[in-house]
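Coordinate inspection notes
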Amino acid sequence: MRAQLLVQTQRTELVRVLGGGAADGLESVLDLLLAWDVLLGEDYESLRAPGQALHVTARELLDLLWSKGEMACQFLLTAIGQVLPQDQKAGLSLGNCSCPVRGAEQIPSTGTRTLQRERPSLVRKLHGNTGGALRTLREAGCFSAYDCDEVLLPIYTPSQQARRLLDLAGSKGEAAAEVLLSYIQQTGKGPTQPLTDDTHKPDPVPLTYQRKLRSMVSAQSRFLSMYGGMENLSLEDIYTEGVLEVAQGSGEPQRPLGLEDILSPVGVVNKEADTVLISGEAGSGKSTLLQRLHLLWAGEAALQDFVLLFPFSCRRLSAMHQELCLRELLFQHCCWPDADQDLIFHFILDQPHRVLFTFDGLDELRMRFTDEQGQCSPTQPTSVPTMLFSLFQGSLMKGVCKLVTSRPDVVGPSLRKYIRKEVSLRGFSQDGISSFVKKHHSDPSIATCVMDTLRGNTALLGLCHIPVFCWIVSKCHEELLGRGGGSPQTITDVYLMILQHFLQHSHPQQCPLGATWMHDHAHILLHLGRLALGGLVSSSYVFSDLELQQCGVTEEDLFAGFLVLVKSLSSRGGKHYEFLHLTVQCFFAGLFIVLDNNLSRSTIPQLFHPQRKQPSALACVCLGPCLHSGARQDAGAEGDLREAETPNLQMTATFVAGLLSQRHRGLLLLYGLAPTSLDRKCKQVVKCLSKGMQRHFKSIPPPVEGEKKSMHAMPEFVWLIKCIYEMQESSIAKEAMAKVEVEHLKLTYCGIGPVECTALSFVLRHLRSPVGLQLDYNSVGDVGIEQLLPCLDKCHSIYLRHNNVSDEGISKLIERGIECEHFQKIALFNNNLTDECTKHFAKLLRTKKNFLSLRLGNNHITAQGAEQLAEGLRESRSLQYLGLWGNKIGDQGTEALAEALEKSPSLVWLSLVDNGVSSSGARALTAVIKNSSTLEELWLTNNSITREGVLCLMAALEKNTSVKAIWLRGNDLTAEDIEELAHKESRLTL
């Protein structure tokens, strides 16, 4: 095939290959094209617009060479074949191009001509040696200090510095060119040999350093690092897969992902960015997942496209206050090279696409990101936050893949626009909970007892979908199985259980804890609580010896096990500690607020309404001496807890509400808390929750004329109802729901999981009139469905699009729904439903005489399921809407549905889009069209219906004037068929 045609037909792939990797590949191609006189000097300059994206340059290059003709395209394909590695050009057809033969000018006649003709080899020979060449040129009077600075700009890689030097020397004339060539020859790097196929040789892989880095990463990742690594659990033995999904908004169909999909093209929303975000709520397993990826890379089992992987903890980085450059960050604070530091750093700069940086816990970094923070030099010292933002932004080390974990609500717009893709970690599936418990207990009988207890307490089972709660329940199995007062119901119950467990095991020789256990350990609770709250206010999660002393933390307090040593930050100069988990720090902060009588009365209102809080007052007045001067200054000056720290404050407020519930009142009185103080704090929380709900309801806009009034709940609403549930205060729920006057309550994209479903059900069961509950695009799952059952009688419809619901959850939903008088509609698109669920829906249709709408699109229902569903449809006299698009019903299933719906007195709308329906199925549907007096729309888009099938539908339409439209786009019709048939019947949408 002619080269020009190859360039044209492979344009998209060529742009991807030349513009999608590191800049060095494209620049090396340009070097060869200049050397072969394919590009003129002015062509080259036009392609080097400052700040221009690589893919734009690649497109302009293709356009330019196309305009130059066949020979220029042949040279381009030859250059690509010589320069790019095999894996990068795989799949491209490069023709029979070979290295072009030089013309009569075997030896260039001038120095400037030599710089051009020998450019590829000169770039290689000057790589890493531009400093000496510049000194020589300056001493000869050819270059000024400004010229040298321009070449050595930190934004250039060593290869780019060499190219800039050649360009500048060529523009200075013959004298500069001769001096540069003379210098190269004198240093033994003379460009006397003609170009060959190996003129472009990338820096060799630093294998020795790679082995050391793998060894270090493996050692750090081998044992579970979360929860303090206190049990010395092997990650290989305990790791359990969580539910991973592409975040909403990517345009990708929602499906479970594997670890290999995290850095794949699936779900990419910004191809120019190179930062991938793993988001998940606190305790969802983000750090453990990242640790698993590290271990797989170290063992050469995954991520093998990356030669080097540098892992970082944002919590550790936030404790670093000195300025440093990227080289220092990599080598001094990650892995020190024993030799060849320059070679290794040059490799990182020259081949960024083969390097991976990981940053765990971005939400624990004390900073706000703004575009003014940009830093582009890898060698210029700067603050750690500025360096990190520059890395994420791409102004520093563009091309290096950055993998970041964070809670989703902490990543603001200023950073989110630089995110390549976002992957959401939803915690454990139900099978994952069982797997984790079995791995955690070597004795199968204990694991069985724990799982039996969880299955008997669905509220606790819902909590265990969050891995940190599952770990607590597994660790406290003795307390769980031996509780006489019942199993935990709330998050606060679970953390009180782990508190008792640790306090008991810190003194194993003593008798079991008595009723006054909290009072007996008051000093530990207050010391750790003061430290925890002070850390939250100042966004501190790592604490020095000095900070521990100022909060009164003793060796006995440390022995309790809630604080663990941070080995990477501890040295002879002092030790550093952190809480087992961020949620544990929030729990102790909540304990301190409840137990301490010296806090300001404004503390609780400020906690529940952080947007009205005065940070300096909370930090200095409430906490007093628990913060050292630096931290106190930070807390007072930060002044923006409304953004980054709101999730931590909300978590703490949730614990405060739970601790102040009536179920724990006796425990707090035994602690010694005065009833008046307890009542005052309890009333404050109740008032804050009531005001919060009122404020939310007042924000509901009036309905659009002709539409039903609906309320789209914001994330704060979800948090408020969780607080109400933690407090187990029905009066607040009744008061709040009494003021709800909406037809639809929308909670789409609100991160609703089983835990939130429990709280939602607790509140919604107090509604005065039924609502439509929209929970689309959440993580409800089967356990969440079970939690919602108590409030189902307050729902006339429920929408659960994309919620990982299976047949098991549906069986329980239908069983309860049949008993609910007002329950009339259900939507379950994009779930995991199979033919098994249709038996339950058939029972629903037979039993409920007022059921109106059933939408089951994009599931896994076949002809067998359609036949089972048809048994219920035959007896239904109320169903108006039936949606089954995106399944695999086929003609057999369509015929069964048609026979069942033929005499339906109520059907208004039917969708069988994308179901493999052919003309045979279309013929079966004609009976429905002929006999129905209510049918208005029939959707048959994206099937296999031919002209014959359409003619049958048209014949049926002649006997029915009530049908308004039949949608038939995307079927087996020619353009002529479409034009003819549309002209004959206007109700056909072709």
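Residues numbered from 1 in each chain as written. Predicted model: local features only at pLDDT ≥ 70, side-chain atom pairs only at ≥ 80, totals over all residues. Heavy atoms only, no water.

**Topic: the overall build of the protein chain**
Each helix and strand counted, the protein chain has 49 helices and 21 strands in total. Each of the 990 residues in the protein chain was classed as buried or not, and the buried ones make up 57%. In the protein chain, the proportion of contacts linking residues at least 24 apart, taken out of those at least 6 apart, comes to 77%. Approximately 40300 Å² of the protein chain is accessible, and the part contributed by carbon and sulfur atoms is 50%. (Helix = DSSP H or I, 4+ residues; strand = E, 2+ residues; numbered from the N terminus. Buried < 20%, exposed > 50% of the residue type's maximum accessible area, 1.4 Å probe, protein only. Contact = heavy atoms within 4.5 Å. Areas by Shrake-Rupley, 256 points an atom, 1.4 Å probe, with all protein chains shown as cover.)

**Examining the packing of aromatic side chains**
Taken as a whole and judged by the stated rule, the model has 29 aromatic pairs. A centroid spacing of 6.2 Å and a plane angle of 70 degrees characterise the contact between F331 and F345, whose relative ring orientation is edge-to-face. One end of the pair, F331, is in helix α18 (residues 326-332); the other, F345, is in helix α19 (residues 341-350), with 14 residues separating them in the sequence. Judged by relative accessible area, which is 2%, F331 ranks as buried. Between Y495 and F587, the ring centres sit 5.6 Å apart and the planes meet at 40 degrees, which makes this aromatic pair tilted. Within this pair, whereas Y495 is found in helix α27 (residues 491-505), its partner F587 is found in helix α32 (residues 582-595), the two being separated by 92 residues in sequence. Among the residues examined, F587 registers a relative accessible area of 2% and is labelled buried. Taking the ring centre of W297 as reference, the NZ or CZ of R214 above it sits at 4.4 Å. Stacked on the ring of W909, the Lys or Arg R855 has its end atom at 4.8 Å from the ring centre. (Phe/Tyr/Trp six-rings, centres within 6.5 Å; stacked < 30°, edge-to-face > 60°. Lys NZ or Arg CZ within 6 Å of the ring centre and 35° of its normal.)

**A few points about the sheet that holds strand β15 (residues 825-827)**
Reading across the sheet, the 11 strands line up as β11-β12-β13-β14-β15-β16-β17-β18-β19-β20-β21 and stay open at both edges, with parallel pairing between neighbours. Of all the strands in the sheet, just β11 (710-712) and β21 (988-989) have a single pairing partner and so form its edges. Relative to strand β18 (residues 909-911), strand β17 (residues 881-883) is paired through three bridges, and the arrangement is parallel. Within the sheet, the bridge partner assigned to Y881 lies in β18 and is W909. (Pairing = 2+ DSSP bridges.)

**Some details on empty space enclosed by the protein**
Across all of its chains, the model carries nine cavities of 30 Å³ or more by this definition. Estimates place the volume of the largest cavity at around 170 Å³. Forming the boundary of the largest cavity are 15 residues, of which T240, G285, T288, F428 and P467 lie nearest the centre. A per-class count over the lining of the largest cavity returns nine nonpolar, five polar and one charged. (1 Å grid on protein atoms, 1.4 Å probe; cavity = no way out; pocket = protein on both sides within 12 Å on 5 of 7 lines; lining within 4 Å. Points joined across faces, edges and corners; volume = space filled by probe spheres on them. Nonpolar A, V, L, I, M, F, W, Y, C, P; charged D, E, K, R; others polar.)

**So, the pairing of strand β13 (residues 771-774)**
Neither face of β13 is exposed, since V771 and L773 on one face and G772 and Q774 on the opposite face are all buried. Across three bridges, strand β12 (residues 744-746) lies against β13 in parallel orientation. Residue H744 lies in a different strand from β13, and its bridge partner there is G772. Taken together, the four bridges between β13 and strand β14 (residues 795-799) define a ladder with parallel strand orientation. Looking across to β14, one finds that Q774 is bridged to Y799.

**With respect to the nonpolar core**
Counting 257 residues, the largest nonpolar core has F310, Y495, F588, F608, L747 and F841 as its most contacted members. With near-sequence residues (within four places) excluded, F588 lies in contact with L499, L525, L528, G529, A532, F562 and F579. Formed by 35 residues, the second largest nonpolar core is a distinct cluster that contains V7, L47, L64 and L92. (Core = buried A, V, L, I, M, F, W, Y, C linked by side-chain atoms within 4.5 Å.)

**Quick notes on the sheet that holds strand β2 (residues 256-257)**
Pairing is mixed across the open sheet formed by seven strands, whose spatial order is β2-β1-β7-β3-β6-β5-β4. Each edge of the sheet is formed by a strand with only one pairing partner; in this case those strands are β2 and β4 (308-313). Inspection of the sheet shows strand β1 (residues 244-246) paired to β2 by two bridges, in the antiparallel sense. Within β2, the position partnered with L244 by the bridge is L257.

**Focus on helix α39 (residues 715-727)**
Between its first and last C-alpha, α39 extends 19 Å over 13 residues, near the 18 Å set by a 1.5 Å rise per residue. Immediately beyond the C-terminal end of α39, within one or two residues, lies Q728, with a positive phi of roughly 55 degrees. (Expected span 1.5 Å × (residues − 1).)

**Section: helix α14 (residues 207-221)**
Here α14 spans 21 Å end to end across 15 residues, near enough to the 21 Å set by a 1.5 Å rise per residue. Inspection of α14 places Y209, Q210, L213, R214, M216, V217, S218 and S221 among the buried residues, and these make up the whole buried set. Structurally, α14 contributes buried residues whose contacts are with α15 (235-238), α16 (286-298), β4, α18 and α19.

**Some words on the packing of α39 against helix α41 (residues 754-764)**
The interhelical angle for the contact between α39 and α41, taken along N-to-C directions, is 75 degrees, at an axis separation of 8 Å. If you check the angle between α39 and α41, you find them roughly perpendicular. Listed contacts from α41 to F717, V718, I721, K722, I724 and Y725 of α39 are V755, E756, T758, A759, L760, F762 and V763. (Axes fitted to C-alpha atoms, helices over the stretch in contact; angles between N-to-C directions. Parallel < 35°, antiparallel > 145°, perpendicular 65-115°, else oblique.)

**Quick look at the side chain of D43**
Checked against the element boundaries, D43 lands in helix α4 (residues 41-46). Of the polar contacts made by the side chain of D43, one reaches the side chain of K68; its length is 3.1 Å. If we ignore the near neighbours within four places in the chain, the residues touching D43 are V38, L64 and K68. (Polar contact = N/O pair within 3.5 Å; in protein donor to acceptor, adjacent residues only side chain to side chain.)

**Description of the pairing of strand β6 (residues 401-406)**
With six of its six residues buried, β6 lies for the most part within the structure. Two elements, strand β3 (residues 275-279) and β6, share five bridges in a ladder whose sense is parallel. Following the sheet pairing, V276 is matched in β6 by L403. In this sheet, β6 lies alongside strand β5 (residues 355-360) in parallel orientation, the contact comprising four bridges. Residue pairing in the sheet places L356 in a bridge with C401 of β6.

**Re the pattern of salt bridges**
Counted under the stated rule, the structure contains 39 salt bridges. For the salt bridge of R874 with E899, the shortest nitrogen-to-oxygen distance reads 2.9 Å. Residue R874 is located in the loop between α45 (863-873) and β17, and its partner E899 is located in helix α46 (residues 890-901); the two are separated by 25 residues in the primary sequence. Across the pair R947 and E980 runs a salt bridge whose closest N-O atoms are separated by 2.9 Å. Taken as a pair, R947 in helix α48 (residues 947-957) and E980 in helix α49 (residues 975-984) lie far apart in primary sequence, 33 residues in all. (Salt bridge = Lys/Arg side-chain N within 4 Å of Asp/Glu carboxyl O.)

**Regarding unusual backbone geometry**
Positive phi outside glycine occurs at S539, with the angle close to 55 degrees. By secondary structure assignment, the location of S539 is in the loop between α29 (522-537) and β8 (543-544). If you check the backbone angles, D914 has positive phi at about 55 degrees while not being a glycine. Mapped onto the elements of the fold, D914 is located in the loop between β18 and α47 (919-931). Note on D914: relative accessible area 44%, which makes it partly exposed.

**Considering the environment of W36**
In this fold, W36 is placed in the loop between α3 (23-35) and α4. W36 sits in the buried class, given a relative accessible area of 15%. Residues W36 and E118, 82 residues apart in the sequence, show an inter-C-alpha distance of 9.4 Å.

**Observations concerning the confidence of the model for the protein chain**
Looking at the protein chain, pLDDT values average 84 and 88% of them are 70 or higher. Every residue in residues 612-644 is under pLDDT 50, and counting partners more than four places away or in other chains gives 59 contacts. (pLDDT = per-residue confidence, 0-100.)

**Observations concerning the environment of L235**
Here L235 lies in helix α15. In contact with L235, not counting residues within four places along its chain, are S221, R222, F223, L224, T288, Q291, R292 and L295.

**Structural notes on the packing of α14 against α16**
Orientation of α14 relative to α16, taken along the N-to-C sense of each, is 140 degrees, at an axis distance of 8 Å. It follows from the interaxial angle that α14 and α16 lie oblique. Viewed along their axes, α14 and α16 form a crossing whose handedness is left-handed. On the side of α14, the interface is formed by L213, R214, V217, S218, Q220 and S221, while α16 contributes Q291, H294, L295, W297 and A298. (Left-handed = near helix turned anticlockwise from the far one by under 90°.)

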